[in-house]
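Results of the structural survey
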Amino acid sequence: MTAPVIIGSERSEVGLPHGMAVLRDGGSALDAVEAALRVCEDNLADHYVGTSGLPNARGVVELDASVMVGSSRAFGAVAALQGYPNPISVARAVMERLPQHCVLVGEGAATFADECGFETAELLTEESRRLFREALQLEEANVEGERTLGLQGDRAYRLAALELVRRFAPHDGPWGTINVLALDASGELVVGVSTSGYPWKYPGRVGDSALPGAGNWCDLRYGGAACTGRGELSLRAGTARTVVEALGRGDDVERACRDALADAATLPDDFRAELRVLALTPDGRHGGAAGSPGSTYAVMTADSAEPEIHPRSVR
Ligand code: GLY
């Protein structure tokens, strides 16, 4: 029997105890990852995931999420999903109920979520709306301006959207996508990722969190890995898969994470923001890396009373 463990990126601490409770009861890594991420998605204090996630350039919250199972490399994801507060559960449903597909986006993802009976919700909270208005410097009287940027024509809209992305700088404190990786008593390994994506992104933008190999990869032979931060870099570098391939060659977990980030850092990128990565092996070893000091990840084993915070190594 394998000793269960669950790990997560910054701000997963609210969800990990729920995932570990599933594992302690003999539940599956898949159930544990979903349980942990749903709590994170429902955390209104978190503006990078689920309800209260920061919106796109038109003021609409669009969520990406994915899940990957190590033994089968089964993968399910949704991207640019509007109106559904728990995209991780819809991603899981894509994997389990629509196995002829892996990824659904936008309207199709919402149609599928509706057919599955998932509840809808208003995802833009007062607080996330305020942060958006401040970023756009919209006057209080022009609250609806956020939804009318496109009326000046496509070219003007595109320039406005790109300017917004250029202006965005992460606030102080932990930010970004949430990754949860779990190993259950049967030895199954699962990786889940959930995000509201790049704040003020161009509508329809899909990040690494929804795409296999980029923000999420899990292969029971070697390990699982997931990314947070600048998704366009991990899309271009295939970062999560790069980590797992290095584990397959026998690299130490932290070294595999550091080297994958170093590879992504060689790419030219005018919008550079930090990329971070986490990994967990089928024998329970874990580690993470980031581009600068101070970044952490959380770990729970069956004996943990609460998440233990570990430093990530620096690329
Ligand atoms: N890493 C999340 C994103 O870029 O959307």
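Residues numbered from 1 in each chain as written. Predicted model: local features only at pLDDT ≥ 70, side-chain atom pairs only at ≥ 80, totals over all residues. Heavy atoms only, no water.

Notes on the sheet that holds strand β13 (residues 313-314)
With respect to topology, five strands assemble into an open sheet ordered β7-β8-β9-β10-β13, the strand pairing being mixed. The open sheet has two edge strands, β7 (216-219) and β13, and neither has a second partner. Relative to strand β10 (residues 286-290), strand β9 (residues 275-280) runs antiparallel, the two being bridged by four bridges. Considered in β10, the bridge of V277 is made with A289. The strands touched by helix α8 (residues 239-248) are β7, β8 (223-229) and β9; relative to β8, the strand with the most contacts, the crossing angle is about 145°. Contacting β9, β10 and β13, helix α9 (residues 253-265) crosses the sheet at an angle of about 25° to β10. (Pairing = 2+ DSSP bridges. Helix = DSSP H or I, 4+ residues; strand = E, 2+ residues; numbered from the N terminus. Contact = heavy atoms within 4.5 Å. Axes fitted to C-alpha atoms, helices over the stretch in contact; angles between N-to-C directions.)

Remarks on empty space enclosed by the protein
Considering all chains together, one arrives at one cavity of 30 Å³ or more under this definition. Considered as a void within the structure, the largest cavity measures approximately 30 Å³ in volume. As for the largest cavity, its lining consists of L30, V33, E34, V67, I88 and R92. No other element matches helix α2 (residues 29-41), which puts three residues into the lining of the largest cavity. Class assignment of the residues belonging to the lining of the largest cavity gives a composition of four nonpolar, no polar and two charged. (1 Å grid on protein atoms, 1.4 Å probe; cavity = no way out; pocket = protein on both sides within 12 Å on 5 of 7 lines; lining within 4 Å. Points joined across faces, edges and corners; volume = space filled by probe spheres on them. Nonpolar A, V, L, I, M, F, W, Y, C, P; charged D, E, K, R; others polar.)

Brief notes about the sheet that holds strand β3 (residues 75-81)
The eight strands lie next to each other as β4-β3-β2-β6-β5-β1-β11-β12, forming an open sheet whose pairing is mixed. At either end of the open sheet lies a strand with only one pairing partner, and these are β4 (103-105) and β12 (308-311). Each strand of the sheet is rotated relative to its neighbour by a mean of 15°, with strand direction disregarded. As paired strands, strand β11 (residues 296-301) and β12 are joined by four bridges and run antiparallel to one another. What sits directly across from A298, in β12, is I309.

Details of the packing of helix α1 (residues 16-24) against α2
Relative to each other, α1 and α2 sit at 160°, their axes nearing to 7 Å. Comparing the axis directions of α1 and α2 gives the class roughly antiparallel. As α1 packs across α2, the resulting crossing turns out to be right-handed. Here α1 contributes L16, H18, G19, V22 and L23 to the contact with α2, which in turn contributes A29, D31, A32, A35, A36 and V39. Tallied by class, residues from the contact of α1 with α2 come to eight nonpolar, two polar and one charged. (Parallel < 35°, antiparallel > 145°, perpendicular 65-115°, else oblique. Left-handed = near helix turned anticlockwise from the far one by under 90°.)

The values are spatial; any link to function lies outside them.
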